[in-house]
Amino acid sequence: MALLAEKPLSYALRENARVISALVVRSAVTRFGESRLGFVWILIEPAAYIGIFLLIHAGMKAQIPFGDNALLFILAGVFGFRMTRGISRKTERAISNNQPMLTYPLVRPLDTIIATFLLESTIWLIICALFMWGLAISLDRDVIVYPGEFAECMFAILYFAFSYAAFNAMAGALIPRWDTFMSMVSMPLMLLSGVFFMPAEMPPSFQAILWWNPFLHCVEWFRTSTYLDYNALLSKYYLLGLATALLTSALILERVFRSRIISA
């Protein structure tokens with residue numbers, strides 16, 4: 001009996017893996033198009049962000065909030081936020097972008113989310129590795145001073161980005177204008193995530209407000225791995241706990257309202 005039960009389970013897992021693999025390929029073709037320069041344009045976006053902010057910083061002759069290098073401080077902030085938001089923003093649109101595929105019985109809404117997340121995560125991890133490697137060469141020093149902390153940070157960012165995207169994808173399929181609302185709060189979130197300032201130096205009353213922003217904890221966790229003595233406004237338990245709550249809510253919504261989400 002155990003063998004009979006194991007065979008259908010293994011078969012279902014293989015079929016699900018094939019579905020997700022096919023969706024990853026479809027998402028990659030849609031993401032890059034037929035041009036071989038598609039990936040280059042993806043590299044330009046974070047480079048443009050960093051370049052603009054460095055020009056503003058140099059023009060204002062502002063003091064570096066922390067450390068001895070403005071590029072490292074801004075790069076850590078930009079990647080801490082943009083990687084988290086970039087992955088989640090593309091992933092939360094997976095259902096609407098793959099709506100025709102949901103007519104197939106084997107394809108579920110969660111499959112489209114997983115496939116898009118895998119693609120976007122791979123893209124952003126490659127971009128992050130290239131930029132951090134380039135910065136290490138230009139500064140002639142290690143920019144990741146705590147490799148173990150950096151690995152934990154990457155896991156936390158990916159986990160939160162997936163959970164956040166899964167919840168927004170389900171909510172967006174059920175609530176009209178949800179996607180519009182999330183687009184509107186994107187810029188305020190970046191400004192309140194400590195990308196350009198050191199949150200621990202803000203007044204306590206302002207810190208109490210900033211603390212509830214999960215993207216700030218992604219930025220602060222990223223910076224703790226690039227500085228030896230960075231004083232972070234960071235709660236790892238809050239970030240991981242919120243991610244777990246969002247993912248649990250997303251899975252419940254997907255299971256309860258699956259037919260409505262498919263036909264949305």
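Residues numbered from 1 in each chain as written. Predicted model: local features only at pLDDT ≥ 70, side-chain atom pairs only at ≥ 80, totals over all residues. Heavy atoms only, no water.

Draft legend 1. Just the packing of helix H5 (residues 109-139) against helix H6 (residues 147-174), in detail. Packing of H5 against H6 leaves a shortest axis separation of 11 Å and a crossing angle of 145°. In this structure, H5 meets H6 at a crossing whose hand is right-handed. Residues Ile113, Ile114, Phe117, Ser121, Leu125 and Cys128 of H5 lie in contact with H6, whose contacting residues are Phe150, Met154, Leu158, Phe162, Ala166, Ala169 and Met170. (Axes fitted to C-alpha atoms, helices over the stretch in contact; angles between N-to-C directions. Helix = DSSP H or I, 4+ residues; strand = E, 2+ residues; numbered from the N terminus. Left-handed = near helix turned anticlockwise from the far one by under 90°. Contact = heavy atoms within 4.5 Å.)

Draft legend 2. Structural view of H5. Between the first and last C-alpha of H5 there are 45 Å, a value that for 31 residues agrees with the 45 Å anticipated at 1.5 Å per step. Just past H5, the residue aspartate 140 takes up positive phi, approximately 60°. (Expected span 1.5 Å × (residues − 1).)

Draft legend 3. Geometry of the pattern of salt bridges. Under the defined criterion, the tally for this structure stands at 9 salt bridges. Its salt-bridge partner being aspartate 179, residue arginine 89 comes within 3.0 Å of it at the nearest N-O pair. Of the two residues, arginine 89 is situated in helix H3 (residues 70-91) and aspartate 179 in helix H7 (residues 178-184); the sequence distance between them amounts to 90 residues. With relative accessibility at 13%, the residue arginine 89 sits in the buried group. Given a relative accessible area of 34%, aspartate 179 falls into the partly exposed group. Note that aspartate 179 is salt-bridged to arginine 93, the shortest N-O span being 4.0 Å. Residue aspartate 179 is found in helix H7, and its partner arginine 93 is found in the loop between H3 and helix H4 (94-97); the two are separated by 86 residues along the sequence. (Salt bridge = Lys/Arg side-chain N within 4 Å of Asp/Glu carboxyl O. Buried < 20%, exposed > 50% of the residue type's maximum accessible area, 1.4 Å probe, protein only.)

Draft legend 4. Representation of H6 in the model. Taking 1.5 Å as the rise per residue, H6 with 28 residues should run 40 Å; its terminal C-alpha atoms sit 41 Å apart, in good agreement. Most of H6 sits out of view: 20 of its 28 residues are buried.

Draft legend 5. Here's a closer look at the packing of aromatic side chains. Taken as a whole, this structure holds 15 aromatic pairs when the rule is applied. Ring plane angle 90° and centroid distance 5.1 Å describe the contact between tryptophan 211 and tryptophan 212, whose orientation is recorded as edge-to-face. According to the relative accessible area criterion, tryptophan 211 is partly exposed, its value standing at 27%. Seen in terms of ring centroids, tyrosine 227 and tyrosine 230 are 5.9 Å apart; in terms of plane orientation they differ by 25°. Their pairing is stacked. According to the relative accessible area criterion, tyrosine 227 is buried, its value standing at 8%. Under the relative-accessibility criterion, tyrosine 230 is labelled buried at 10%. Connected via pairs of aromatic rings, a cluster forms that spans Phe81, Phe160, Tyr164 and Phe215. A cation sits over an aromatic face here: arginine 223 above phenylalanine 73, 3.7 Å from the ring centre. (Phe/Tyr/Trp six-rings, centres within 6.5 Å; stacked < 30°, edge-to-face > 60°. Lys NZ or Arg CZ within 6 Å of the ring centre and 35° of its normal.)

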